[in-house]
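Each chain is listed here by its residues.
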Amino acid sequence: MSELTSLTIADARDGLRKKSFSAAELANAHLAAMEKARSLNAYVLETPERAADMAKASDARIAKGEAGPLEGIPLAIKDLFCTQGVRTTAGSKILHNFEPTYESTVTSQLWRDGAVLLGKTNLDEFAMGSSNETSALGPVTSPWRRKGANTPLVPGGSSGGSAAAVAARIALGSTGTDTGGSIRQPAAFTGIVGLKPTYGRCSRWGIVAFASSLDQAGPFARTVRDTAILMRSMAGHDPKDTTSADVAVPDYEAAAGKSIKGMKIGIPKEYRVDGMPAEIEKLWEQGRAWLKDAGADLVEVSLPHTKYALPAYYIVAPAEASSNLARYDGVRYGLREQGRDVIGLYEATRAKGFGKEVRRRVMIGTYVLSAGYYDAYYVRAQKVRTLIKKDFEDCFKQGIHAMLTPATPSAAFGVGEKGGADPIEMYLNDVFTVTVNMAGLPGIAVPAGLDGQGLPLGLQLIGRPFDEETLFSLGQAIEDAAGRFEPEQWW
Ligand code: GLN
């Protein structure tokens, strides 16, 4: 039955409707594969009972001819989405025992459409990281290995568990969140597709907040079409999130496979960064050739403020994080450490509950927001952000439909290899992805090839606001040319 775990979402959907197999069989195949893959640490919680109940309900709806768009499709959910009655940790000790009494809007829409919950996936603590190594529940091991080596590699982060689960075929699709690259970078590192939608496209309600003006939920899957299928269920207006946009949700799946003839694709020259490996440059060139062959016009463009995006992001994101994380005080939920008085309780709880990276961000954020430094750092970063957004707007005004860039400056690295002595080494991973969050735009990472060590590399497409459809069309063109990439099973 293991071939059931290799299906695409589109094929699984068709197989379920034709009754070639049942939702219960599909869920069971995944639960069995999950058990064998525990050494990857992709899931922090498996929910076999809930999966069985949901699959049974799906089978009943299929039998009655009432199947929803995702009926019976088993999914993994990043442990940053609140799931009612199912522990939600955000990868942090401070929420080690938190059982939400409500369901996030995005996940409730997935269940409304018939999807089945397999479990909650590992992540960097409060989604702060690029390698899944800041998780209080331990790192995730990527299903990929360098040719002829067994060094454990990171799956990327912060949505590392969600990406690893899809790549390792222990979920047909999964959810992630992307504040500075946390969907696109792990997708690129694990050879799968990941989409960060336009800010406001998916509701943030019920997702543990990191940096509220940058956070967006999005899907992971093994094909562009599958990502589009998931996206249709995840997107939509939600009055419970005041930044959620009231824009109609199109049929994203129909966009995957549409002709890209005549589309103008911008190649931003500022993404040719110093010290970029030759293999990444080659991949980018290959991507340009593929899009050209499919009928697109390639235009060199300039996004002059790109070099300020990373430093500005590492002011804005920690500033918002320090404010959002003020709520973890040991009084309302999660961990509580006793202190001499209430201040002592706050201090003891936060010192014990937060890991090193989270503490660092809270301190940076508090510093840049403090009275004497607010104008010099926070206000300045916000101005830079406006300029970054304007760079993109200027290009779109000239008729550019989307931009093509590499997704990451390197392939996946080894667990423990980066950021130990200098956190900036880890932050540099986000150089191609953070601009998109700063500008609120949609971006997709699509697998495009393997490097000399046999590790996947991805390309990124950046679109106009609320034009995810163009990204699916272009992404499909790349997938058609590049093919798909799967790790060999060693676990
Ligand atoms: N790696 C970035 C950070 O650590 C982005 C994380 C994210 O997108 N959640 O902030």
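None of the values given here were measured: they were computed from a predicted structure.

## So, the site of the ligand
Item 1. Near the ligand, the surroundings consist of 15 residues, among which Thr179, Gly180, Ser182, Tyr313 and Arg361 are the closest.
Item 2. The side chain of aspartate 430 places a nitrogen or oxygen atom 2.9 Å from a nitrogen atom of the ligand.
Item 3. Protein coverage of the free-state accessible area of the ligand, which is 290 Å², stands at 100%.
Item 4. For the shell around the ligand, the class distribution of residues is 5 nonpolar, 7 polar and 3 charged.

## Quick word on the packing of aromatic side chains
Item 1. One pass over the full model with this rule turns up 17 aromatic pairs.
Item 2. With a centroid separation of 6.2 Å and an interplanar angle of 45°, the aromatic rings of tyrosine 373 and tyrosine 377 are classed as tilted.
Item 3. Residue classification places tyrosine 377 among the partly exposed residues on the basis of a relative accessible area of 31%.
Item 4. Here the aromatic residues Phe98, Phe126, Tyr328, Tyr333 and Phe354 are joined through ring pairs into a cluster of three or more.
Item 5. In this structure, lysine 240 is placed above the aromatic ring of tryptophan 205, and the distance from its NZ or CZ to the ring centre is 4.0 Å.

## Side note on unusual backbone geometry
Item 1. Cis geometry marks the peptide bond from glycine 157 to serine 158, where omega comes out at 10°.
Item 2. Despite not being glycine, alanine 127 has its phi angle at roughly 65°, a positive value.
Item 3. In this structure, alanine 127 sits in the loop between β3 (116–121) and α5 (160–167).
Item 4. By relative accessible area, alanine 127 is classed as buried at 3%.
Item 5. Look at asparagine 132: it is not a glycine, yet its phi comes out positive at around 70°.
Item 6. You can see asparagine 132 is positioned in the loop between β3 and α5.

## Structural notes on the nonpolar core
Item 1. Grouped together as the largest cluster of nonpolar side chains are 150 residues, with contacts concentrated most on Phe126, Leu291, Phe392 and Phe472.
Item 2. Residue contributions to this core peak at 10 residues, all from helix α10 (residues 309–324).
Item 3. The contacts of phenylalanine 472, once residues within four sequence positions are left out, are Leu195, Val224, Thr227, Ala228, Met231, Tyr252, Ala255, Ala256 and Ile444.
Item 4. With 5 residues, the next largest nonpolar core counts Phe189, Ala412, Phe413 and Met426 among its residues.

## Let's talk about the state of the cysteines
Item 1. Per the stated rule, a full pass over the model turns up 0 disulfides.
Item 2. Looking at the unpaired cysteine 202, the closest cysteine sulfur is the one in cysteine 82, lying at 16 Å.

## Digging into the sheet that holds β3
Item 1. The strand order across the open sheet built from 11 strands is β1-β3-β2-β4-β6-β5-β10-β11-β9-β7-β8, with neighbouring strands paired in mixed fashion. In this open sheet, the two edge strands, each paired with only one partner strand, are β1 (43–46) and β8 (297–301). Put simply, the sheet's adjacent strands are angled 30° from each other on average, direction ignored.
Item 2. In this structure, strand β7 (residues 264–268) lies alongside β8, joined through 5 bridges in parallel fashion. Across the sheet, the residue bridging to isoleucine 267 is glutamate 300, located in β8.
Item 3. In the packing of α5 onto the sheet, contacts are made with β1, β2 (74–78), β3, β4 (173–178) and β6 (216–221), and the angle to β4 comes to roughly 155°.

Here is what the cut-offs are and how they apply
Residues numbered from 1 in each chain as written. Predicted model: local features only at pLDDT ≥ 70, side-chain atom pairs only at ≥ 80, totals over all residues. Heavy atoms only, no water. Near = heavy atom within 4 Å. Polar contact = N/O pair within 3.5 Å; in protein donor to acceptor, adjacent residues only side chain to side chain. Areas by Shrake-Rupley, 256 points an atom, 1.4 Å probe, with all protein chains shown as cover. Nonpolar A, V, L, I, M, F, W, Y, C, P; charged D, E, K, R; others polar. Phe/Tyr/Trp six-rings, centres within 6.5 Å; stacked < 30°, edge-to-face > 60°. Buried < 20%, exposed > 50% of the residue type's maximum accessible area, 1.4 Å probe, protein only. Lys NZ or Arg CZ within 6 Å of the ring centre and 35° of its normal. Helix = DSSP H or I, 4+ residues; strand = E, 2+ residues; numbered from the N terminus. Core = buried A, V, L, I, M, F, W, Y, C linked by side-chain atoms within 4.5 Å. Contact = heavy atoms within 4.5 Å. Disulfide = S-S within 2.5 Å. Pairing = 2+ DSSP bridges. Axes fitted to C-alpha atoms, helices over the stretch in contact; angles between N-to-C directions.

That is the geometry; function is a separate question.
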